[in-house]
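Listed below are the residues making up each chain.
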Amino acid sequence: MTPLVRGLLVFGFAAAVIYPFLVPNYLVNIAMLMFFTAFIGQSWNISGGFAGQTSFGHAVFFGVGAYTSTILQVTHGWNAWLAWPASMAMGGAVGCMIAMLSFRAGLKGSYFALITLAFAEVFRILANSVGFTRGGLGMLIKADQRPENFQFKDSIWIYYLAFALCIVSLLIAWQLTRSRFGARLVAIRENEDAARALGIDVFTEKVKVLTLSGAMCAAGGTFYAQKYLYIDPSIAFGIDKSVEMLLVTMVGGAGTIFGPLIGSVALTFINEATRWVASAVPALKNVQPLSLIVYGIMLMLIVARLPDGLMSLFAAKVLGRKQRHA
Amino acid sequence: MVDPAIILAGVLNGLLAGGIYVLVAVGLTLIYGVLHIINFAHGSLLMLAMYAVFFLWRLLGVDPYLALPIVIGGAFVFGFVLYRLLIGRFSHGKDENILLITLGVSIVADNAALLFFGGDTETIAVPYAGEIIQFGAAFLPLPKVVSFVAALVLCAVLGLFMARSDTGKAIRAVAKERQGARLVGIDVEKIFAISYGIGIGCLGAAACLLMPTFYVTPQSGYAFVLVAFTIVVLGGMGSFLGAAVGGFLIGVTESLGGLFLGEQLGQIGISLIFILILLFKPTGLFGSKA
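Residues numbered from 1 in each chain as written. Chains lettered and ligands numbered in written order. Predicted model: local features only at pLDDT ≥ 70, side-chain atom pairs only at ≥ 80, totals over all residues. Heavy atoms only, no water.

## Things to note about the overall build of chain B
(1) Moving on: Helix and strand counts for chain B come out as eleven helices and four strands.
(2) Moving on: Compactness check: chain B gives a C-alpha radius of gyration of 19 Å against a globular reference of 19 Å for 290 residues, within 12% of the reference.
(3) Moving on: Taken over the C-alpha atoms alone, chain B extends approximately 60 × 45 × 35 Å along its principal axes.
(4) Moving on: Of all 290 residues assigned to chain B, the portion counted as buried reaches 54%.
(5) Moving on: Partitioning the contacts of chain B with sequence separation of at least 6, the portion at a separation of at least 24 is 77%.
(6) Moving on: In the structure as shown, chain B presents an accessible area of about 12,100 Å², 68% of it carried by carbon and sulfur atoms.
(7) Moving on: Charge centroids of chain B, computed over 14 positive and 14 negative side chains, lie 14 Å from each other. (Helix = DSSP H or I, 4+ residues; strand = E, 2+ residues; numbered from the N terminus. Rg over C-alpha atoms; globule rule 2.2 N^0.38 Å. Buried < 20%, exposed > 50% of the residue type's maximum accessible area, 1.4 Å probe, protein only. Contact = heavy atoms within 4.5 Å. Areas by Shrake-Rupley, 256 points an atom, 1.4 Å probe, with all protein chains shown as cover. Lys, Arg positive; Asp, Glu negative; His and termini not counted. Charge placed at Lys NZ, Arg CZ, Asp CG, Glu CD.)

Structure below.
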């Protein structure tokens, strides 16, 4: 790590810590969402970026996490903080199950992406139909804004929590780049047959990484449910969340530590810029689709022209070298 | 026990819907068979074609069935150009990349539709919408029967085209052995673009046949994409016969699923079939060993 990079990290950390004291509340909220998106993006990046297992259905883990903690609280009276590890365990279990089924069947590439999409769809339909999720009505968490309930009156605390989650996810990704487990994942991504020939247990490693990714993403689901105190099948299991996680990672740089964070920053700026454009042009009453159109175009450009994402531009400028998968 | 007459009606309705599914799936399987790419934008392009049919009717008063040649032609050109300008440039790299490119196309298409057409559900009220044909104990809506017959005729036309015409032979040659096809002087890139165009042209036809009995929203694409993939995977990727059989099976599954499990839970059958086929028989019913 060069002094320049270390300096940038310290500066970024300090700026993020004092940020909420300097700006109005709505900007705190935007930054909170940015860190949160970077966090769930990182959960996608662990399996989709580092291990190369592109998923179109990560919302399945997000939704399992959100529903697990919400059901435990609302129906069984659990404390939200206690429900959090439980939902991570459920997310990990679902990740493990999907991985065992799909990788045992030898699904790779596009087929794996499509089967994850189908799993998310199955969970969405189930959540819409079974009784204990209250179906399409969704579930409300009773508002009781006390820290011990994982609900905060002051948005500054939820901001710091999102920031902390983002830091933890960066540390996990950083560990991946320097551990043997991470090296095995990269070997699998680059060439599965070669990895197997080197003696790597490809199946087990892929199951492990999807379990980890699922547990992380489920943690994000609980966070989301606690922030908005409401969850329904299409928020939880809809394709929008899956695409969001994939987008920030692809745009920022798949398989890099900072890719999801950089992608999340970029998409937040695009979002605010389109909101600004839309407020200037009254004909554009609907902002959401406009920013998604820009995201879609960015995704295509990145895949076509910049396979390592915005991170590679950044790496070339700051680190003075072209990084092929950090 | 459910009345057998209701089951019969369910099966017939499923078969009628299946006819249009066949058309959608044939386009997808053709693109896969020739180009070896998974066209995730298939549903979204169908949605755009459905809007084209809707606006032809709303603004110019063109009947959806009469719009068939216009929309098929327009969709073919759209697909051809889309391939030449965008998809073709990326289709020979890693297969996840082309999947992501077509995902990008579908994100742009879905949201452009939402931005320009709004989120409302649009339908076409054709004068013959309420006509009923009696078939044994079952009563079938006339537009569904017409669409079913038209879908089969169009599939037969496409089959003849593939079997007899020079272009069709070239497409089959490229699908089998693209190096060899290039060596005997076939312009492979052009055949790719034509195949993609035909695949999208099938969507244009399906859109015309769907609109008299169905509706369109910007989310319609997502609703269809999983159905289309399920049919193609069930039948075997790249197999025309598979797409045909799969289309009818899925149509009936959906219809009976809705009958026995209710509107909400009934949709689960399609996703489950998709997962089970991929897990246990990835070559599908008629697919060749990959």
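Back to the text.
## Description of the overall build of chain A
(1) Moving on: Secondary structure assignment for chain A yields 14 helices and two strands.
(2) Moving on: In terms of principal-axis extent, the alpha carbons of chain A reach across some 55 × 45 × 40 Å.
(3) Moving on: Among the 326 residues that make up chain A, the fraction classed as buried is 57%.
(4) Moving on: Restricting the contact set of chain A to residue pairs at least 6 apart, pairs at least 24 apart contribute 76%.
(5) Moving on: As displayed, chain A has an accessible area near 13,900 Å², and 68% of this comes from carbon and sulfur atoms.
(6) Moving on: Averaged over its 24 positive side-chain charges, chain A has a centre that lies 5 Å from the centre of its 14 negative ones.

## Side note on the packing of aromatic side chains
(1) Moving on: Applying the stated criterion across every chain, the model contains 33 aromatic pairs over all chains.
(2) Moving on: For the ring pair B:Phe54 and B:Trp57, a centre distance of 6.4 Å and an interplane angle of 40° mean the geometry is tilted. With B:Phe54 and B:Trp57 both in helix H2 (residues 42-60), this residue pair falls three residues apart, about one helical turn.
(3) Moving on: Three or more aromatic residues joined by ring pairs form one cluster here, namely A:Phe13, A:Tyr19, A:Phe35, A:Trp157, A:Tyr159, A:Tyr160 and A:Phe163.
(4) Moving on: Here A:Arg104 stacks its cationic end above the ring of A:Phe203, 4.0 Å away from the centre of that ring.
(5) Moving on: Here the guanidinium or amino end of A:Arg178 rests over the ring plane of A:Trp174, the centre of that ring lying 4.7 Å away. (Phe/Tyr/Trp six-rings, centres within 6.5 Å; stacked < 30°, edge-to-face > 60°. Lys NZ or Arg CZ within 6 Å of the ring centre and 35° of its normal.)

## Examining the interface of chain A and chain B
Frequently, the measure chosen for interface size is the accessible area removed from exposure when the parts meet.
(1) Moving on: Counting residues at the interface gives 39 residues for chain A and 34 residues for chain B.
(2) Moving on: Summing the contributions of chain A and of chain B, the shared interface buries around 3,500 Å²; its carbon and sulfur component is 81%.
(3) Moving on: The three residues of chain A that bury the most area against chain B are A:Tyr111, A:Leu114 and A:Met300, which together make up 17% of that side's buried surface.
(4) Moving on: Where chain A meets chain B, there are two residue pairs in polar contact (both at pLDDT 80 or more).
(5) Moving on: Put simply, the parts of the chain that give the side of chain A that touches chain B at least two residues each are helix H4 (80-104), helix H5 (109-129), helix H11 (239-252) and helix H13 (287-305) of chain A.
(6) Moving on: For the side of chain A that touches chain B, the element with the highest residue contribution is H5(A), accounting for 16 residues.
(7) Moving on: Class assignment for the residues of the side of chain A that touches chain B results in 28 nonpolar, nine polar and two charged. (Buried area = accessible area lost by both parts, 1.4 Å probe. Polar contact = N/O pair within 3.5 Å; in protein donor to acceptor, adjacent residues only side chain to side chain. Nonpolar A, V, L, I, M, F, W, Y, C, P; charged D, E, K, R; others polar.)

## Considering the confidence of the model for chain A
(1) Moving on: Of all residues in chain A, 95% have pLDDT values of 70 or greater, and the mean over the chain is 90.
(2) Moving on: Residue range residues 321-326 of chain A is modelled with pLDDT below 50. Its contacts to residues more than four positions away, or to other chains, number 17 contacts. (pLDDT = per-residue confidence, 0-100.)

## Points about the pairing of strand E2 (residues 132-135) of chain B
Residues and elements named next belong to chain B.
(1) Moving on: The pairing of E2 with strand E3 (residues 138-141) spans four bridges and is antiparallel. Residue isoleucine 132 lies in a different strand from E3, and its bridge partner there is proline 141.
(2) Moving on: In textbook terms, the turn of a hairpin is the stretch between consecutive antiparallel strands, and for E2 and E3 this stretch comprises two residues, one of which, glycine 136, has a positive phi near 60°. (Pairing = 2+ DSSP bridges.)

## With respect to a nonpolar patch on the surface
(1) Moving on: Taken together, the side chains of B:Ile6, B:Leu259, B:Phe260 and B:Leu261 make up a nonpolar region of the molecular surface, amounting to roughly 360 Å² of accessible area.
(2) Moving on: When residues of the nonpolar patch are assigned to their parent elements, the largest contribution, three residues, is made by helix H10 (residues 240-266) of chain B. (Patch = residues over 30% accessible without salt bridge, like charges linked within 9 Å, V, L, I, M, F, W, Y side chains within 5 Å. Salt bridge = Lys/Arg side-chain N within 4 Å of Asp/Glu carboxyl O.)

## A look at the nonpolar core
(1) Moving on: Of all hydrophobic cores here, the largest spans 193 residues; its most connected members are A:Phe35, A:Phe56, B:Phe40, B:Leu46, B:Leu103 and B:Tyr196.
(2) Moving on: In this structure B:Tyr196 touches B:Ile31, B:Leu35, B:Ile37, B:Asn39, B:Leu45, B:Gly79, B:Leu82, B:Tyr83 and B:Ile87, once residues within four positions along its chain are discounted.
(3) Moving on: B:Leu12, B:Leu16, B:Val145 and B:Phe148 belong to the second largest nonpolar core, which has six residues in total. (Core = buried A, V, L, I, M, F, W, Y, C linked by side-chain atoms within 4.5 Å.)

## As for unusual backbone geometry
Note: most residues except glycine have negative phi, and most peptide bonds are trans.
Residues and elements named next belong to chain A.
(1) Moving on: Backbone geometry at phenylalanine 150 places phi at a positive 65°, although glycine is not the residue there.
(2) Moving on: Looking at the element boundaries, phenylalanine 150 is found in the loop between strand E1 (139-140) and helix H6 (155-178).
(3) Moving on: For phenylalanine 150, a relative accessible area of 0% gives the class buried.
(4) Moving on: In the Ramachandran plot, leucine 229 falls in the positive-phi region, its phi being about 60° despite a non-glycine side chain.
(5) Moving on: In this structure, leucine 229 sits in the loop between helix H9 (202-228) and strand E2 (230-231).
(6) Moving on: On the basis of relative accessibility, which here comes to 15%, the residue leucine 229 falls in the buried class.

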